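Descriptive structure summary
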Amino acid sequence: MITRPKLAEQLREYQIRSKHDWASVSFFTSTANFNSTSRVDVLISVAWELIILAVLVFSAVSLYFRYMQLAFILICITMLLLVCMKIWKQMRLAGKKKRRMLLPLSM
C-alpha cells in the first residue's frame, strides 16, 4: 500500500538522483538554485553569452573606428538579445514548474 510518507520519500530520492552540480555557472544566470539547471540550459546560456560578448566586442571595435551608427545598432541588438534571453529563461522556468506540478502521484 502506498502511503503519503512513502510517496514523499520516493519523491525526495528522485529529486536527489536527478540533481546536477555544475562547476562553472553562467554569468548572466540569476537563479539562486543552480542544482535544478540541466545541462541543456547551461549550454544554451553559455551560447547566448558568447553571442552577446561577440556583439559587444564588435560594437567596441566599430566605436574605435568611429562608426557611430554601427556601434549604436550593435548595442541595440545586444540589449534585444539580453531581453530575449531573460524572456526565454522565464518561459523555461514556467514550463519546468508546470511539468513538476503534473507529476503523477505514483512517483
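Summing up its helical and strand segments, the chain has three helices and zero strands in all. The buried share of the chain, reckoned over its 107 residues, is 18%. Of the contacts formed within the chain by residues at least 6 apart in sequence, a portion of 56% connects residues at least 24 apart. By element, 69% of the accessible surface of the chain is carried by carbon and sulfur atoms, the whole surface being about 8,900 Å².

Two elements in contact, helix α2 (residues 39–64) and helix α3 (residues 68–101), have axes separated by 8 Å at closest approach and are oriented at 170°. It follows from the interaxial angle that α2 and α3 lie roughly antiparallel.

Take the confidence of the model for the chain next. With 76% of its residues at a pLDDT of 70 or more, the chain has an overall mean of 79. Throughout residues 21–26 the model reports pLDDT below 50, and contacts reaching past four residues in sequence, or to other chains, amount to nine contacts.

With that out of the way, let us pick up the UniProt feature "transmembrane region" (unreviewed entry) in the chain. Per the UniProt record, the feature "transmembrane region" (unreviewed entry) sits at residues 42–64 and 70–88. As annotated, residues 42–64 comprises 100% helix and 0% strand, and the C-alpha atoms at either end are separated by 33 Å. Within residues 70–88, the helical portion is 100% and the strand portion 0%, while the C-alpha atoms at the span's ends are 27 Å from each other.

This part covers α2. Taking 1.5 Å per residue, 26 residues should reach 38 Å; α2 reaches 37 Å between its end C-alpha atoms and fits that length. Taken together, the buried positions of α2 are Asp41, Val42, Ser45, Trp48, Glu49, Ile52, Val55, Ser59 and Ser62. Contacts made by the buried residues of α2 are with α3. In the segment just after α2, Arg66 is the residue with positive phi, at about 60°.

About the thresholds
- Residue numbers run consecutively from 1 along every chain, following the written order of its sequence.
- Where totals are concerned, whole chains, interfaces and linings use all residues; where local detail is concerned, this predicted model gives features only for residues with pLDDT of at least 70, and gives and counts side-chain atom pairs only at 80 or more.
- Note: side-chain values were computed over all heavy atoms of the structure, leaving out hydrogens and water.
- In DSSP terms, a helix is any run of H or I states spanning at least four residues, a strand is any run of E spanning at least two, and both are numbered starting from the N terminus.
- With a 1.4 Å probe rolled over the protein chains alone, any residue whose accessible area is under 20% of its type maximum counts as buried; one over 50% counts as exposed, and the rest are partly exposed.
- It only takes one pair of heavy atoms within 4.5 Å for two residues to be counted as in contact.
- Per-residue and other accessible areas were derived by the Shrake-Rupley procedure at a 1.4 Å probe size, with only the shown protein chains allowed to occlude residues.
- Inter-axis angles, ranging from 0 to 180 degrees, are taken between N-to-C directions of lines fitted to C-alpha atoms, where helices are fitted over the stretch in contact.
- Oblique is the label for every angle not falling under 35 degrees (roughly parallel), over 145 degrees (roughly antiparallel), or within 65 to 115 degrees (roughly perpendicular).
- Predictor confidence is given residue by residue as pLDDT, running from a minimum of 0 to a maximum of 100.
- UniProt positions are given in the numbering used here, feature names are shortened, and annotations may be inferred rather than shown by experiment.
- Expected helix span is given by 1.5 Å per residue-to-residue step, counting one fewer step than there are residues.

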